[in-house]
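# Per-entry structural report
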Amino acid sequence: MPKNSINQLAKELKNFLATQDEDDLITAAASTAAASVSCSPKEVTSKEETSSGATLTIEFRRSTPRASTVTASNTADASIMNTTQKQAALKELAETIQHCSRCPLGATRLNAVPGEGNVNAELMFVGEGPGFDEDRQGRPFVGRAGQLLDKMIAAMGLTREQVYIANIAKCHPMVDPLHPDKHGNDRAPNAGEIACCRKYLEQQIAIICPKYIVALGGVSAKALIADAKSLGALRGQFYDLHLDNVKLPRPVKILATFHPAALLRNPGWKKDAWIDLQMVMDKLGLKGARK
Ligand code: URA
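Keep in mind that what you see is a predicted model, and the values were worked out from it rather than measured.

Here we take up the overall build of the chain. When you go through the chain residue by residue, the secondary structure sums to twelve helices and six strands. Residues classed as buried in the chain amount to 45% of the 291 residues present. In the chain, once contacts between residues fewer than 6 apart in sequence are set aside, the share between residues at least 24 apart is 74%. For the chain, the computed accessible surface area is about 14500 Å², with 54% contributed by carbon and sulfur atoms.

See below:
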């Protein structure tokens with residue numbers, strides 16, 4: 001194609017994109033990305049996902065209800081909600097998530113898994129995405145990894161009811177979506193799926209407004225700390241959380257540690273995870289479980 005035609009095309013595309021709603025662009029990029037993933041999940045990198053979504057198959061669909069009316073995103077002057085407001089906002093958000101079809105995971109899930117816990121929690125845990133058990137129960141971290149997470153929370157001197165637990169992706173990412181009953185069919189959410197779910201998690205964080213977030217595993221840490229470094233490089237320090245879509249009523253700090261599923265596979269890493277959790281305990285004045 002001659003260079004001036006390419007330039008003209010680029011100019012038109014740029015003007016066109018400038019007039020589109022960001023949500024629609026994310027939906028389009030993500031649906032294309034996830035469609036390729038379902039064909040060949042292991043071969044698709046996040047770079048391919050975004051570039052194919054942006055250049056080739058841009059479909060502008062508005063399939064999702066707009067976010068709730070009582071969310072932090074449209075709170076002109078973001079302030080911490082009271083308990084009743086938080087419960088109402090989270091309930092409304094959970095209903096939106098349950099009907100979400102922003103990405104193809106919406107078509108294969110049994111249940112969306114918005115998250116659960118104390119709406120006034122000072123500490124929030126964020127995992128990757130629901131697995132087999134979570135998809136069936138509609139609750140986060142209820143399988144084997146969840147049992148270990150419960151023990152980690154207990155070791156900190158807390159109960160599951162005192163913290164809030166959520167995931168980056170709200171629906172079950174499967175390696176083989178055609179066989180949802182297969183075990184060992186879980187995979188991490190891809191870049192498009194993460195982009196689709198981001199505003200839900202961001203709204204949850206802004207509503208709950210915990211003091212600290214523990215990102216469980218590399219996927220969660222990279223998505224929330226917005227850094228492509230390895231989990232090993234991200235661990236060991238607190239970061240200020242910055243959200244893309246909503247205003248935080250007060251600063252939130254985030255720390256990365258190992259995903260409990262990784263700890264089940266590599267029990268030798270548990271002592272390092274414990275060092276991470278102790279950093280949070282120090283900040284929150286927690287003494288840990290009595291021996
Ligand atoms: N792994 C996760 O990342 N989240 C869950 O909810 C369960 C397993």
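From this point, the narrative continues.
Time to look at the packing of helix H4 (residues 83-98) against helix H8 (residues 191-208). The N-to-C vectors of H4 and H8 enclose an angle of 170°; their axes lie 10 Å apart at closest approach. When the axis of H4 is compared with that of H8, the two are roughly antiparallel. From H4, Lys86, Ala89, Leu90, Leu93, Thr96 and Ile97 reach across to H8, where they touch Tyr200, Gln203, Gln204, Ile207 and Ile208. Looking at the contact of H4 with H8, its residues break down into seven nonpolar, three polar and one charged.

The description of an aromatic ring pair rests on the distance of the ring centres and on the angle between the ring planes. Evaluation of the coordinates by the stated rule reveals two aromatic pairs. With a centroid separation of 5.4 Å and an interplanar angle of 65°, the aromatic rings of Tyr212 and Phe238 are classed as edge-to-face. With a gap of 26 residues between them, Tyr212 in strand E4 (residues 212-216) and Phe238 in the loop between helix H10 (231-234) and strand E5 (239-240) connect regions that are remote in the sequence. Judged by its relative accessible area of 12%, Tyr212 is buried. Against the face of Tyr200 rests Arg102, its NZ or CZ located 6.0 Å from the ring centre. Directly above the aromatic system of Phe132 lies the positively charged group of Arg136, at a separation of 3.6 Å from the ring centroid.

Scoring rules and cut-offs
Residues numbered from 1 in each chain as written. Predicted model: local features only at pLDDT ≥ 70, side-chain atom pairs only at ≥ 80, totals over all residues. Heavy atoms only, no water. Helix = DSSP H or I, 4+ residues; strand = E, 2+ residues; numbered from the N terminus. Buried < 20%, exposed > 50% of the residue type's maximum accessible area, 1.4 Å probe, protein only. Contact = heavy atoms within 4.5 Å. Areas by Shrake-Rupley, 256 points an atom, 1.4 Å probe, with all protein chains shown as cover. Axes fitted to C-alpha atoms, helices over the stretch in contact; angles between N-to-C directions. Parallel < 35°, antiparallel > 145°, perpendicular 65-115°, else oblique. Nonpolar A, V, L, I, M, F, W, Y, C, P; charged D, E, K, R; others polar. Phe/Tyr/Trp six-rings, centres within 6.5 Å; stacked < 30°, edge-to-face > 60°. Lys NZ or Arg CZ within 6 Å of the ring centre and 35° of its normal.

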